[in-house]
Amino acid sequence: SLHDERYPVPMGFEGLRGRVTQVVPRLLDASNLLSGKTHIHLIGNGGMVNHLREGFAALGMAGECVTQEIYFNHKLKATPAEVSDLVDILKAPVEQSQAWSGAET
């Protein structure tokens, strides 16, 4: 769910919300990922990291362009259907442009 009472969204927040595996792929351009000039460093929950890494590999992104740091759930893997859905999202046209101000990091 995108709404969780434990983590209230500040009043007026208009930024991205949701699971990384659902939100971020919609912002990525497959041609950039496949160019060999893009590097992605995945950090966090093994489920998220493995899901995205497997999706990038299935898309055809070079393995050396994806690095990772997994903090927990090391062995959790995405299902073939989840990987296939992710590849479909990555192949689709970018849904929205996101300008980063630097305040996000």
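A description of the overall build of the protein should follow, citing residues and the corresponding values.
Tallying secondary structure elements over the protein gives four helices and two strands in all. Along the chain direction, N to C, the helices and strands of the protein fall in the order α-α-β-α-β-α. Sequence separation of at least 24 residues holds for 76% of the intrachain contacts in the protein that already meet a minimum separation of 6. Total accessible area computed for the protein in this model is approximately 7,400 Å², and 55% of it derives from carbon and sulfur atoms.

Account for unusual backbone geometry, naming residues and giving values.
Phi is positive for Asn-73, close to 55 degrees, though the residue is something other than glycine. Assignment of secondary structure puts Asn-73 in the loop between β2 (66–72) and α4 (80–91).

Go over the pairing of strand β1 (residues 40–45), please, and point to the residues and values.
Across six bridges, the pairing between β1 and β2 is parallel. Looking at the pairing, Asn-45 lines up with Phe-72 of β2. The parallel pair β1 and β2 is bridged by helix α3 (residues 46–59), and the resulting crossover is right-handed.

Tell me about α4, and name the residues and values.
Over its 12 residues, α4 runs 17 Å from end to end, which matches the ideal 16 Å to within 8%, given 1.5 Å per residue. Buried positions along α4 lie against α1 (20–23), α2 (30–33) and α3.

Talk me through the side chain of Thr-21; I want residue IDs and the actual numbers.
By the secondary structure assignment, Thr-21 is in helix α1. Overall, the relative accessible area of 9% leaves Thr-21 in the buried class. Each residue touching Thr-21, except ones within four places of it in the same chain, is listed here: Met-48, His-51, Leu-52 and Leu-86.

Tell me about the confidence of the model for the protein, residues and numbers included.
Here the protein shows a mean pLDDT of 86. Residues at 70 or above account for 87%. Looking across the protein, the model is least confident in α1, with a mean pLDDT of 88, and most confident in α3, with 96.

Lay out the side chain of Asn-50 in plain terms, naming residues and giving numbers.
Relative to the assigned elements, Asn-50 resides in helix α3. By relative accessible area, which is 1% here, Asn-50 ends up buried. Reaching out from Asn-50, the side chain makes a polar contact with the backbone oxygen of Leu-76 at a distance of 2.7 Å. Sequence-distant contacts of Asn-50, that is, excluding residues within four places in its chain, are made with Ile-70, Asn-73, His-74, Lys-75, Leu-76 and Lys-77.

Conventions we followed
- Residues numbered from 1 in each chain as written.
- Predicted model: local features only at pLDDT ≥ 70, side-chain atom pairs only at ≥ 80, totals over all residues.
- Heavy atoms only, no water.
- Helix = DSSP H or I, 4+ residues; strand = E, 2+ residues; numbered from the N terminus.
- Contact = heavy atoms within 4.5 Å.
- Areas by Shrake-Rupley, 256 points an atom, 1.4 Å probe, with all protein chains shown as cover.
- Pairing = 2+ DSSP bridges.
- Right-handed = clockwise from strand over helix to strand, strands pointing away.
- Expected span 1.5 Å × (residues − 1).
- Buried < 20%, exposed > 50% of the residue type's maximum accessible area, 1.4 Å probe, protein only.
- pLDDT = per-residue confidence, 0-100.
- Polar contact = N/O pair within 3.5 Å; in protein donor to acceptor, adjacent residues only side chain to side chain.

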